[in-house]
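So the chains spell out like this:
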Amino acid sequence: MNRRVAVTGLGAVAATGQDVATLWRTLCDGTSGIAINPQQGWPQARIEFDPTAHFSDRELPMLDRVSQFALVAARQALRQAGLAVADDRQALAQLAAHDIDPVRAGAVFSASIGHQTLDDGYFNFYGRQAK
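Residues numbered from 1 in each chain as written. Predicted model: local features only at pLDDT ≥ 70, side-chain atom pairs only at ≥ 80, totals over all residues. Heavy atoms only, no water.

A. Representation of the overall build of the protein chain in the model. Within the protein chain, the regular secondary structure consists of four helices and two strands. Reading the secondary structure of the protein chain in the N-to-C direction produces α-β-β-α-α-α. A buried classification covers 19% of the 131 residues belonging to the protein chain. (Helix = DSSP H or I, 4+ residues; strand = E, 2+ residues; numbered from the N terminus. Buried < 20%, exposed > 50% of the residue type's maximum accessible area, 1.4 Å probe, protein only.)

Below is the structure:
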């Protein structure tokens, strides 16, 4: 059975670009996001990212760094798809208003780091019930 897939929005936060256009340009140019970390002395991918430009002081303690990247990329994808909202919490309501079936719509998230910090975040929020 053949099924069609429509990609309506993309977002990216990576060492070589904090939006899809920049990431694509640096990939085509062969730019590497790997550099020597001066504090540690070995190479690693580093993302220069200011979370305070994207999240409130109240939100920051609940979001590990990788979750911050994911949410910023998701906001980019929503905007590109024409579904941008002022408040992230309104996203599901807007999807419903556009008659988008949540069973047939989806998002793909990929990361090479952050799973431990994600687990720690869940523990802090649900286990210790941090406010």
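Past the structure itself, the notes keep going.
B. Spotlight on the packing of aromatic side chains. In the structure shown here, the tally under the stated rule is one aromatic pair. Look at F49 and F69: their rings are 5.0 Å apart centre to centre, the planes differ by 85 degrees, and that puts the pair in the edge-to-face class. Separated by 20 residues along the polypeptide, F49 in the loop between β2 (43-45) and α2 (65-80) and F69 in helix α2 bring together distant segments of the chain. Classification of F49 by relative accessible area gives buried; the value is 10%. (Phe/Tyr/Trp six-rings, centres within 6.5 Å; stacked < 30°, edge-to-face > 60°.)

C. Here's a closer look at the side chain of T26. Counting through the fold element by element, T26 comes out in helix α1 (residues 20-29). Side-chain polar atoms of T26 contact the backbone oxygen of T16, separated by 2.7 Å. In contact with T26, other than residues within four places in its own chain, are T16 and T31. (Polar contact = N/O pair within 3.5 Å; in protein donor to acceptor, adjacent residues only side chain to side chain. Contact = heavy atoms within 4.5 Å.)

D. The environment of P43, seen in detail. Looking at the element boundaries, P43 is found in strand β2. We classify P43 as partly exposed; its relative accessible area is 49%. Remark: the alpha-carbon pair of P43 and G33, spanning 10 residues in sequence, is separated by 9.8 Å. Sequence-distant contacts of P43, that is, excluding residues within four places in its chain, are made with I34, A35 and I36.

E. Spotlight on the nonpolar core. If you look at the biggest cluster of nonpolar residues, it comprises eight residues: V13, I47, F49, F55, L63, F69, V72 and A73. Contacts of F49, omitting those with residues within four sequence positions, involve V13, Q18, H54, R65, Q68, F69 and V72. (Core = buried A, V, L, I, M, F, W, Y, C linked by side-chain atoms within 4.5 Å.)

F. Focus on the environment of Q18. Relative to the elements of secondary structure, Q18 occurs in the segment before α1. Along the sequence, Q18 and F49 sit 31 residues apart, while their C-alpha atoms lie 8.3 Å from each other. Among residues more than four places away in sequence, those in contact with Q18 are A12, V13, I47, E48, F49 and Q76.

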